Amino acid sequence: MDDLGDHYEGMAYVFPSDRSYPPIAGAVRSVDKSDNFTLRIMTDVIDLQHGVLVPWSAARQYYPNVTLDPAIDTTWSCDETNNVLAVDFTSASGGSGKAHLRRSDASRPPDRKPIAKIDGWSAFKEYALALEPNRYVFRGQESCEWRLRTFFHRSGRANLYKFVNQDISQLHAHLSSLTRHHFNLRDELENGAFYSLAQHHGYPTPLLDWTYSPFIAAYFAFRKRRADGECARIFVFDQREWVRDIPRSPLVTGTLPHFSLLSPLAINNPRMVPQQALSTIANVDDIEEFIAFNERDHRKTYLEVIDLPFSERPRIIQELGLMGITAGSIFPGLDGACEQLREKNFNF
């Protein structure tokens, strides 16, 4: 749900556990910002393969024993104290249901504790070199006070249906004249490549950038100068076990909540190869809580974090440079070359 000042807009989804019933979705637009309101929602059936909505008349043949009333009457009640939204819904044919939804709080400080034994750069190098090859992916962030959160969700937006059907269509129309390749957004690999290209050029998307190299992740964690005494954070994600255990989806709308790995094509994106980059895509705001939920469910640890002090930044940047990890190598072109020499010649 997006807060649009004087009202809310978003999408409501229902995914029955019994697959003989269709998953449905409909647009929600409140009259105002009252804590309690009623609303009739016109729903369509979700095509789970493509994440798009189709009318009941087109999907009826796949659910021969189901009567579906597209108009759903809903009652909404918001408990601000406990950050819970209760929804009751009924249809003319007597179908009914209830939902209790807890508000995401991904802006709060992280609660995952860093690995205690890794308290500095030397310990980190030893740890990184001992990891099983190709099992983990890494992400560096400038502050240990930031949770894993996509640029899209950090922007304050929440309605991914609007993002896919309005933002991406608009962006695709604008960028098509600037790229040598015309992206086919109906193709999973090209759609992922388009999202990745937009992300790397500063447009908010539901992607997070990762790398196969723990040292490139460290570079991104320490790339910008900060005050001494603060910590940078490096995330270590067990991609092998996650892929084995957790269902994957390339979609961000019309699908169950998920956090999935992508390996998009490097189309018009020369930074991907030197950064050893891959991406994750998520339709959940609080990614760390979603991972923690699955860790409890599967009794495994998928994500660990390492905090390193910014007081070690000069040494870290120097040693990474000796490894060939610099702005010039990570960002091919004029921007990277200038940033590399700025780091060398200017103290800011």
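Refer to the structure presented above.
Residues numbered from 1 in each chain as written. Predicted model: local features only at pLDDT ≥ 70, side-chain atom pairs only at ≥ 80, totals over all residues. Heavy atoms only, no water.

Novice: What exactly am I supposed to notice about the side chain of asparagine 159 here?
Specialist: Counting through the fold element by element, asparagine 159 comes out in the loop between helix H3 (151-154) and helix H4 (160-175). A polar side-chain atom of asparagine 159 sits 3.2 Å from the main-chain amide nitrogen of tyrosine 161. For asparagine 159, the contacting residues outside a window of four places in its chain are Asp2, Glu9, Gly10, Met11 and Phe152. (Helix = DSSP H or I, 4+ residues; strand = E, 2+ residues; numbered from the N terminus. Polar contact = N/O pair within 3.5 Å; in protein donor to acceptor, adjacent residues only side chain to side chain. Contact = heavy atoms within 4.5 Å.)

Novice: Can you help me understand unusual backbone geometry in this one?
Specialist: It is generally the case that most residues other than glycine have a negative phi and that most peptide bonds are trans. Phi at asparagine 134 takes a positive value of approximately 70°, unusual for a residue other than glycine. As for its position among the elements, asparagine 134 is in the loop between helix H2 (121-130) and strand S9 (136-141). For asparagine 134, a relative accessible area of 68% corresponds to the exposed category. Even without a glycine there, the phi angle at arginine 299 is positive, about 55°. Looking at where arginine 299 falls in the secondary structure, it is placed in the loop between helix H8 (287-298) and strand S14 (303-309). Assessed through its relative accessible area of 79%, arginine 299 is described here as exposed. (Buried < 20%, exposed > 50% of the residue type's maximum accessible area, 1.4 Å probe, protein only.)

Novice: So what exactly am I meant to see when it comes to H4 here?
Specialist: Since one α-helical turn is 3.6 residues long, residues separated by three or four positions face the same way. Roughly 30° is the biggest bend found in H4, and it falls at isoleucine 168. Three or more residues of H4 are buried, namely Leu160, Phe163, Asp167, Ile168, Leu171 and His172. Of the surrounding secondary structure, the elements contacted by the buried residues of H4 are H3, helix H5 (188-200) and strand S13 (277-282). Capping of H4 at its N-terminal end is provided by asparagine 159; its side-chain oxygen lies 3.2 Å from the backbone amide nitrogen of tyrosine 161. (Bend = angle between axes of the 7 residues up to and from the residue.)

Novice: Hey, could you run me through the nonpolar core in this one?
Specialist: Side chains of a nonpolar character, in soluble globular proteins, are inclined to be buried together. Ranked by size, the top nonpolar core spans 29 residues in total, and within it Phe124 and Ile306 carry the most contacts. Among the secondary structure elements, those contributing two or more residues to this core are H2, S9, helix H6 (214-222), strand S11 (231-238), S14, helix H9 (313-322) and helix H10 (327-330). Broken down by element, this core gets its largest block of residues, seven residues, from H6. If near-sequence neighbours (up to four positions away) are discounted, phenylalanine 124 is found in contact with Ile118, Pro214, Phe215, Ala218, Ile234, Ile306 and Leu308. (Core = buried A, V, L, I, M, F, W, Y, C linked by side-chain atoms within 4.5 Å.)

Novice: Looking at this structure, how should I read the environment of phenylalanine 331?
Specialist: If you trace the backbone, phenylalanine 331 turns up in the loop between H10 and helix H11 (334-345). What makes phenylalanine 331 buried here is its relative accessible area of 7%. Each C-alpha atom, one on phenylalanine 331 and one on glycine 321, is 14 Å from the other, the two residues being 10 residues apart in sequence.

So yeah, pure geometry; function would need other evidence.
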